[in-house]
Amino acid sequence: MRIIHCADLHLESSLKSILTGDKFKERRDELLHNFDRLVDYANDNSVDIILVAGDIFDNGKRRKTAIRHIIDLVKDNPDIDFVFLKGNHDTGGVFDDEYEIPDNVKLFDQKNWKKYEFGDVVIKGVELTKDNYKNVALSLVLDPGKCNIVTLHAGLANHEGNKEAYEVNLNDLKNKNIDYLALGHIHKYEREELDDKGIYVYPGCLEGRGFDEVGPKGFVLLDIGEDGKVVDTFVPFAKREIHREEVMITPEDTMPDIIGKVESAVSGISDKDLVEIILVGKTNMDELVDIDTYRIKKTFEDSFYLFKIKDNTTVDVDYASFANDKSLKGEFIRLLEKEDLEDEDKSIIVELGIKALKGEHLDI
C-alpha cells in the first residue's frame, strides 16, 4: 500500500503581503492546482490514499469555485481514498455543509478517535479542541496487530511553532503502538523517532507562501509492506521554491561589489522561484556608500518570478577615532556614544546625521 501524507495546503491564502495584481491571482491558482498535480502524482505512482493532516484551506475566506474544484477532483478519482483532517485554519470544517461529500472522502470529528481500516492498515485521528487536546492521547487505543497510522493537526509540547494550534504532549503518545504519527501544523519537514516502534513526521507545507517558508516543500510518501513495516520518503514537490539569502557587506564594498555579491548569492536559483535578498554587515562611515536597493532590484527582478531586496546594513563607527576630533561631526559622534542606545540604533542615527551634515537627502 502507498499513502501520501501531506498537510498545510492553505488553499485560498491571502498572498497580498508579497504579491499584487495578476501575480497574486496567478499564485493563488497555482496553490489550488498544486493539489491537481498531487493527484496526478498519486495516479502515476499507484498511491492508494492521500492523507491531508489539516489546513487544506486557509480560514473562512475561500471561493466556492475552489471548494467545488477540490470536491470534483476527488469525485473524479474514485480509486483513491482522500482522508481529510480538520486543522486550526479550517474554520467551520474541511468543507461546507452545502456540498455533498464524495464516498471516497474520509473525515474525522471532535467527539472521539475515529478510525478507517484499509486491510491491515488503520488510520485513526481526531479533531483537536480546547476541551480535548490535553487528554486526547489517554483515550487512544490501537491494535498492536495492525499497521497504525495516527493523524493529528497539532503542535507538540516543548516544540517550536505557531501557538495557534493546540499542543499535545508527545510523551502521552509514546508506547501506544503507533507506527507512523502523521502530523500537520509545522510548515517544514521534520522526522523524529517517537518510541522504539514508531516515528512522527511533519511533512511541512506543500508549497511555500511567504519568505518565512523557504526551502524545499512537498509531501511524504509511505510504502507499507505486507509485514506492516512503513518506509517513508520525503518528496520535494513545490512548483516554486522560496529563497531568502543574506549577503554580507563590508565597509570596503562599492555598489558594483555589492551587485556582484548579490549575483553570486542568486547563482543557481531557478528563474521560476521567489527570492529575497537581505543585505547585512557594515558600511564605511567616512566613505558612506548609499546602497541603491532600487538599482539592485531593477538588475535582478526580471530574472525571477519575484525578487525582493532589504538593506539591513549598519554603519561601521570607530568612536575612538573621534576622541579629539574638533569638527561638528566629531562632536556629534562623541555625544551619540554617551547615549544609552542599542548599537544598531546608534548606527542608524550616525548614518542619518552624516547625511544631514553633508546636506544629502534623508530617506526616513
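It should be noted that the structure appears before, not after, this text.
Cut-off values and rules
- Residues numbered from 1 in each chain as written.
- Predicted model: local features only at pLDDT ≥ 70, side-chain atom pairs only at ≥ 80, totals over all residues.
- Heavy atoms only, no water.
- Helix = DSSP H or I, 4+ residues; strand = E, 2+ residues; numbered from the N terminus.
- Buried < 20%, exposed > 50% of the residue type's maximum accessible area, 1.4 Å probe, protein only.
- Core = buried A, V, L, I, M, F, W, Y, C linked by side-chain atoms within 4.5 Å.
- Contact = heavy atoms within 4.5 Å.
- Polar contact = N/O pair within 3.5 Å; in protein donor to acceptor, adjacent residues only side chain to side chain.

Draft legend 1. Region of interest: unusual backbone geometry. With a phi angle near 50 degrees, His10 is a residue other than glycine that sits in the positive phi range. In this fold, His10 is placed in the loop between β1 (2-6) and α1 (21-44). Note on His10: relative accessible area 1%, which makes it buried. With phi around 60 degrees, Asn175 is a residue other than glycine that occupies positive phi space. Checked against the element boundaries, Asn175 lands in the loop between β9 (167-168) and β10 (180-184). Classification of Asn175 by relative accessible area gives exposed; the value is 67%.

Draft legend 2. Spotlight on the nonpolar core. If you look at the biggest cluster of nonpolar residues, it comprises 42 residues, and the most contacted ones within it are Ile4, Phe35, Ile50 and Phe219. Contributing elements (two or more residues each) for this core: β1, α1, β2 (49-52), α2 (64-75), β3 (81-84) and β13 (218-224). With 8 residues, α1 is the single largest residue contributor to this core. When residues no more than four places from it in sequence are discounted, the contact partners of Phe219 are Ile4, His5, Cys6, Leu38, Tyr41, Pro203, Leu206, Thr233, Phe234, Val235 and Phe237.

Draft legend 3. Inspection of the environment of Asp109 at higher detail. Among the structural elements, Asp109 can be located in the loop between β4 (105-107) and β5 (114-118). Given the relative accessible area of 27%, Asp109 is considered partly exposed. For the pair Asp109 and Leu128, spaced 19 residues apart in sequence, the C-alpha to C-alpha distance is 8.7 Å. Beyond its immediate sequence surroundings of up to four residues, Asp109 is in contact with Lys114, Val126 and Glu127. One polar contact links the side chain of Asp109 to the main-chain amide nitrogen of Asn112, over a distance of 3.4 Å.

By themselves, these observations are geometric and do not establish any function.
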